[in-house]
Amino acid sequence: MKSTILLTHIFLFLSLAFVGCTDLEEEPEGLLAPETFFKTPQDVEAAVLGAYAEWVTVPISRELPLALMLRSDMSDIGDRNTNGNRIAINEFAMDASNNLTSDIWEYLYRAISAANTAAQAAQSIEAEQGIKDRLEAEARFVRAYSYYHLVRLYGDVPYVEKPIESAAVLESLGRTPASDVFTAIVDDLIFAKDKLPSQQQGDVRNRATAGTAATVLAEVYLTLEDYTKAAEEARFVINNAGEFNYQLEENYQDLYNGDLAGNIKEQILTLDFHNSLDANNYNVDWLIAQTRIRDFTPRSLSVPVPTLAVYNSWDDRDYRKDIAFEDSVVIDGVLTALTDTEFTAARPHIAKYFRYPGPQDAGDDRRGDNDYNLYRYADVLLIAAEAIAESEGVTPEAIGYINQIRERARFNGVTVTGFPVDVNPGISTADFIDVVREERRLELSFEFKRWYDIKRWGILEEAFTAPTSFEPHDVNPNRDYLFPLPQTEVDVTGFEQNSGY
């Protein structure tokens, strides 16, 4: 009988994580039966938090954002002495033994394992039905969001929706077609949207609400090219923004100011590293050190850095350029362009994560108070504009959503400027879709969206081999839209590897 690495991950996570989450008076009858662990809503909520906690572990909080940034055409490797697995991801040269992608695979499945257990346990406890449904919905959201990354990164993946109770069950698993995984993701998100509250207690943004579920559902439909449903879900969020307490922040810089953490109304879902999800040494903001300028400040690595073409092509009149980049530093009292120095990576750096780290930076320079924006209200406006244009054509509504974002960009924190200008009402549908795509690239720069956009638009060759490419690389469209399955999984399961690896 064959065994799998995935089995080890699921069994190990359940045995280590959940035994410590509950206050048990009896010996559990079976290791993997949720009803033997969970007696109260608090027990189940602890399991839900355990699922969220996997998202602030090193493989997900550091390696997944880093992989998504490097895979895009906007971020390059700065310090070439960094881990070779990162360089391979950036240069489309990785193979199935890449440790970063295998770690991402493992920990996404750990989150799914925790979510499966919590979802099943929610309906086994003694509590009001509404409480049980809310707990199940939150667990199913974590499961859906974790699978959403897995299926976009790896394609067909094993789909598990219940706690694994025997090796025989796991032995029967194969790679589930991506279309079926997406169907399950949609089902989970619809359930979550229906059962979750409009706001979490304290209006925290690192736990899902009905608005969060609808936002992710809108993006899932956009990814599936179901533009009518994508527009419907985005409109639901926009029309209920007051109930969800969502709005565009007045100043774009505020989105990346650790001093304001916890008070940003634009955030819909965040990775919050200053949290109480887990007592272990998980809560470290890695991008603050990864993006800071090497040789200039302590523990700064210059790993993902902007390509020069991205910086040079960005209009200097756009205030968002000032926020996205650090292009000069003071050396011996003189303001010096980074491109003129002898630093390891002599080019502008990504400033969003380190410029205003907040008070926590005083104690540990890897612990800024900034949260990673996984989704924010601007995402919803962009999704709505694109989905409406693709399904209904250019309408005043769709144009209005882009103009809201551009209007915010015209405020530089002090005065209102004249750039970027509003979209011309007479624009063609094709030109408007191009505008939306470019607006996504600029508005969401270095926020882990660009690679998935390249993938869903099918523009791999255009992005990396065209004369106007920001980061030229040799790419193979028959291989490079997907990451390889971890070789350890293939070896023990016999899964067919993704093409080209």
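Counting starts from 1 at the beginning of each chain's written sequence and moves along it residue by residue. In view of the model being predicted, local features appear only for residues whose pLDDT reaches at least 70, and side-chain atom pairs are presented and counted only at 80 or more, with totals across whole chains, interfaces and linings using the full set of residues. Based on all heavy atoms of the structure, the side-chain values leave hydrogens and waters out of the count.

## Some thoughts on helix α2 (residues 41–53)
Alright, step 1. Strands here mean DSSP runs of E at least two residues long; helices mean DSSP runs of H or I at least four residues long; both are numbered from the N terminus. Multiplying one less than the number of residues by 1.5 Å gives the expected span of a helix. Over its 13 residues, α2 extends 18 Å from the first C-alpha to the last, a length consistent with the 18 Å expected when each residue adds 1.5 Å.
Alright, step 2. Only protein chains enter the calculation, and the probe is 1.4 Å; a residue is then buried if its accessible area is under 20% of its type maximum, exposed if over 50%, and partly exposed in between. Every buried residue belonging to α2 is among P41, D43, V44, A47, V48, G50, A51, Y52 and A53, and all of these are buried.

## Some details on the pairing of strand β5 (residues 328–331)
Alright, step 1. At least two bridges found by DSSP between two strands is the condition for calling them paired. Where β5 lies against strand β6 (residues 334–337), four bridges are found, and the strand directions are antiparallel. Its bridge partner lying in β6, V330 is registered against L335.
Alright, step 2. The hairpin turn running from β5 into β6, its antiparallel successor, is two residues long, and D332 in that turn takes a positive phi close to 50 degrees.

## What to know about the side chain of R320
Alright, step 1. With respect to the secondary-structure elements, R320 resides in helix α14 (residues 319–324).
Alright, step 2. Pairs of N or O atoms within 3.5 Å make up the polar contacts considered here, provided that, within protein, one atom can donate a hydrogen while the other can accept it, and that residues adjacent in sequence are counted only when both atoms are side-chain atoms. Among the polar contacts made by the side chain of R320, one reaches the side chain of E443 at a distance of 3.0 Å.
Alright, step 3. Any two residues whose heavy atoms approach within 4.5 Å are treated as being in contact. The contact partners of R320, leaving out residues within four places of it in the chain, are Y252, W314, I405, A409, P420, E439, L442 and E443.

## Some points on the nonpolar core
Alright, step 1. Ranked by internal contacts, the top residues of the largest apolar core, which has 139 residues, are F141, Y147, I185 and F432.
Alright, step 2. Listed in part, the six residues of the second largest apolar core include Y256, I264, Y319 and I323. In this text, buried Ala, Val, Leu, Ile, Met, Phe, Trp, Tyr and Cys residues form a nonpolar core when linked through side-chain atoms within 4.5 Å.

## Some remarks on the packing of aromatic side chains
Alright, step 1. Here is the rule: rings of Phe, Tyr and Trp (six-membered ring for Trp) pair when centre to centre is within 6.5 Å. Planes less than 30 degrees apart are stacked, more than 60 are edge-to-face, and the remainder are tilted. This model, assessed by the stated rule, comprises 21 aromatic pairs.
Alright, step 2. Relative to F446, the ring of F325 has its centre 5.7 Å away and its plane inclined at 85 degrees; by these criteria the two rings are edge-to-face. Remark: F446 occurs in the loop between α17 (429–443) and α18 (450–457) and F325 occurs in strand β4 (residues 325–326); sequence separation between them is 121 residues. F446 shares its class with F325; the two are buried.
Alright, step 3. When the ring of Y353 is compared with that of F448, the centres are 6.2 Å apart and the planes differ by 20 degrees; the resulting orientation is stacked. Residue Y353 is located in the loop between β7 (349–350) and β8 (372–376), and its partner F448 is located in the loop between α17 and α18; the two are separated by 95 residues in the primary sequence. A single burial state applies to Y353 and to F448, both of which are buried.
Alright, step 4. Feature note: the residues W105, Y109, Y147, Y154, Y159 and F483 constitute an aromatic cluster, connected by ring pairs.
Alright, step 5. Geometrically, a charge over a ring is one whose NZ (Lys) or CZ (Arg) sits within 6 Å of the ring centre while staying within 35 degrees of the ring normal. Here the guanidinium or amino end of R140 rests over the ring plane of F191, the centre of that ring lying 4.2 Å away.
Alright, step 6. The ring of Y148 is capped by R152, whose NZ or CZ atom sits 3.5 Å from the centre of that ring.

## Considerations on the packing of α2 against helix α6 (residues 129–154)
Alright, step 1. One way to put it is that α2 packs onto α6 with a least axis distance of 9 Å and a crossing angle of 15 degrees. Judged on the interaxial angle alone, α6 and α2 are roughly parallel. The two elements α2 and α6 meet at a crossing, and its hand is left-handed. Contacts between α2 and α6 pair P41, V44, E45, V48, A51 and Y52 from the former with I131, L135, E138, A139, F141 and V142 from the latter.
Alright, step 2. Residue type decides the class: Asp, Glu, Lys and Arg count as charged, Ala, Val, Leu, Ile, Met, Phe, Trp, Tyr, Cys and Pro as nonpolar, and the leftover types, Gly among them, as polar. Split by residue class, the contact of α2 with α6 holds 10 nonpolar, no polar and two charged. Axes here refer to lines fitted to C-alpha atoms; in helices the fit is confined to the stretch in contact. Angles between the N-to-C directions go from 0 to 180 degrees. We call two directions roughly parallel when the angle between them is under 35 degrees, roughly antiparallel when it is over 145, roughly perpendicular when it lies between 65 and 115, and oblique otherwise. Crossing handedness is read from the near helix: turned anticlockwise from the far helix by less than a right angle, it gives a left-handed crossing, and turned clockwise, a right-handed one.

## Focus on the environment of E390
Alright, step 1. When you line up the elements, E390 lands in helix α15 (residues 377–392).
Alright, step 2. On the basis of relative accessibility, which here comes to 30%, the residue E390 falls in the partly exposed class.
Alright, step 3. For the pair E390 and L222, spaced 168 residues apart in sequence, the C-alpha to C-alpha distance is 9.8 Å.
Alright, step 4. What E390 contacts, discounting residues up to four positions off in sequence, is Y227 and I433.

## A short note on the environment of V435
Alright, step 1. Turning to its location among the elements, V435 is positioned in helix α17.
Alright, step 2. With a relative accessible area of 18%, V435 lands in the buried category.
Alright, step 3. Placed 33 residues apart in sequence, V435 and I402 show a C-alpha to C-alpha distance of 8.8 Å.
Alright, step 4. With residues up to four places along the chain from it excluded, the contact list for V435 reads I402, R406, V423 and I427.

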